[in-house]
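# Results of the structural survey
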Amino acid sequence: MLHKLHRISALLISLYVLFHLTNHVIALGGVSAHINFMENLRPIYRAKVIEPILLFCALFQVTSGIIFIARRWGKRRGFFDHAQAISGGYLAFFLMFHVSAVMYGRLVQGLDTNFFFAAAGLQPGAYPWFFLPYYTLAVVAYFTHLACGLRWILREHLSTQTLNRAAGGVMTVGLLLGLTIVSTFSGAIYPIALPNEYCLNKC
Ligand code: HEM
């Protein structure tokens, strides 16, 4: 039952993540492109009925994921079985800190949690050595977790070789996407003029 709920909740979160990561890739076209896209989507995912469901799913996903890791501790065999637990563990860590940071920024600091909010930590002089792997690994972990889940669901329909190749491909897409997003937000693709209210150290 818990596995079934974990999958349903993953599906709902994935719907958000699809738009969320598309939003971050759109930043390749400039800061305003990212902000405009986010402002168009917010009325949907921040709607009074949708946001609490999304946040509840994130919390449920973290809790049920930790339970799955604990239950099968020391019993996992093979690369993808371990990759599923490690990526899930990282996603649990990331989701807890990421969603808390966004909510703290929005509700306590009164910030607009837009492009600049995410870019702030990645700027030289802030904490890029923490935030570069933090965000890159989040995207890698998401795609790895997805690849392991799909590999398991399709295990009776495809050969092991096809499953492994497809999973490897999905994980590689995750790595490339993660690197593209952090490159954009760190200012490696175009310069970023951070407004004063987002500066973590000096700007
Ligand atoms: C990789 C780079 C990422 C960056 C730069 C980033 C940045 C952001 C920003 C700026 C927001 C605030 C959105 C708003 O104010 O409307 C946000 C919200 C959020 N992000 Fe991310 N994110 C990233 C990856 C992820 C991933 C991989 C996940 C899930 C696995 C995720 C889950 C969420 C959730 C659940 C929210 C809260 C949505 C809400 O209710 O407002 N993010 N993120």
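Residues numbered from 1 in each chain as written. Predicted model: local features only at pLDDT ≥ 70, side-chain atom pairs only at ≥ 80, totals over all residues. Heavy atoms only, no water.

### Thoughts on the overall build of the protein chain
Within the protein chain, the secondary structure is distributed over seven helices and zero strands. Taken from N to C terminus, the helices and strands of the protein chain fall in the order α-α-α-α-α-α-α. Its C-alpha atoms give the protein chain a radius of gyration of 18 Å, near enough to 17 Å, the size a compact globule of 203 residues would have. Looking at the protein chain alone, contacts between residues at least 24 apart form 74% of all its contacts between residues at least 6 apart. Roughly 11,900 Å² of accessible area belongs to the protein chain as shown, and the carbon and sulfur atoms make up 70% of that amount. (Helix = DSSP H or I, 4+ residues; strand = E, 2+ residues; numbered from the N terminus. Rg over C-alpha atoms; globule rule 2.2 N^0.38 Å. Contact = heavy atoms within 4.5 Å. Areas by Shrake-Rupley, 256 points an atom, 1.4 Å probe, with all protein chains shown as cover.)

### Let's talk about the coordination of the iron atom of the ligand
Looking at the iron atom of the ligand, one finds its protein donor set to be His 20 (NE2) and His 98 (NE2), positioned 2.0 Å from the metal centre. Coordination at the iron atom of the ligand comes from six donor atoms whose angles at the metal span 83 to 179°, giving a geometry best classed as octahedral. Linking His 20 in helix α1 (residues 2-26) with His 98 in helix α4 (residues 79-108), this pair joins segments that are 78 residues apart in sequence. (Donors = N, O, S within 2.8 Å, 3.2 Å for Na, K, Ca; no water. Tetrahedral: all angles 85-135°; square planar, octahedral: opposite > 155°, others 65-115°.)

### Describing the layout of surface pockets
Of the volumes computed, that of the second largest pocket is approximately 390 Å³. If you trace the second largest pocket, you find 21 residues lining it, with Ala 101, Gln 109, Phe 117, Phe 131 and Leu 200 closest to the centre. Sort the elements by how many residues they give to the lining of the second largest pocket and α4 lands first, with seven residues. Split into classes, the residues belonging to the lining of the second largest pocket amount to 16 nonpolar, four polar and one charged. (1 Å grid on protein atoms, 1.4 Å probe; cavity = no way out; pocket = protein on both sides within 12 Å on 5 of 7 lines; lining within 4 Å. Points joined across faces, edges and corners; volume = space filled by probe spheres on them. Nonpolar A, V, L, I, M, F, W, Y, C, P; charged D, E, K, R; others polar.)

### What about the pattern of salt bridges?
All told, the structure shown has five salt bridges when counted by the stated rule. The closest approach of N and O atoms between Asp 81 and Arg 72, which form a salt bridge, is 2.8 Å. Of the residues examined, Asp 81 reaches a relative accessible area of 17% and is grouped as buried. Among the residues examined, Arg 72 registers a relative accessible area of 34% and is labelled partly exposed. Notably, a salt bridge pairs Glu 156 with Arg 155, separated by 4.0 Å at the nearest N-O pair. A residue is classified by how much of its surface remains accessible, and Glu 156, at 67% relative accessible area, is exposed. Residue Arg 155 is classed as partly exposed on the basis of its relative accessible area, which comes to 40%. Overlapping salt bridges bring together Arg 72, Arg 76 and Asp 81 as one network. (Salt bridge = Lys/Arg side-chain N within 4 Å of Asp/Glu carboxyl O. Buried < 20%, exposed > 50% of the residue type's maximum accessible area, 1.4 Å probe, protein only.)

### Here we look at the packing of aromatic side chains
Per the counting criterion, the structure on display carries 17 aromatic pairs. Pairing Phe 93 with Phe 97 gives two aromatic rings, centres 5.0 Å apart and planes at 50°, and the pair type is tilted. One end of the pair, Phe 93, and the other, Phe 97, are both in helix α4, four residues apart, so they sit about a helical turn from each other. A centroid spacing of 5.8 Å and a plane angle of 40° characterise the contact between Phe 116 and Tyr 198, whose relative ring orientation is tilted. Taken together, the residues Phe 116 in helix α5 (residues 115-120) and Tyr 198 in the segment after α7 (160-186) connect sequence positions 82 residues apart. In textbook terms, an aromatic cluster arises when at least three aromatic residues are bridged by ring pairs, as seen for Tyr 90, Phe 93, Phe 94, Phe 97, Phe 130, Phe 131, Tyr 134 and Tyr 135. (Phe/Tyr/Trp six-rings, centres within 6.5 Å; stacked < 30°, edge-to-face > 60°.)

Structural measurements only, silent on function.
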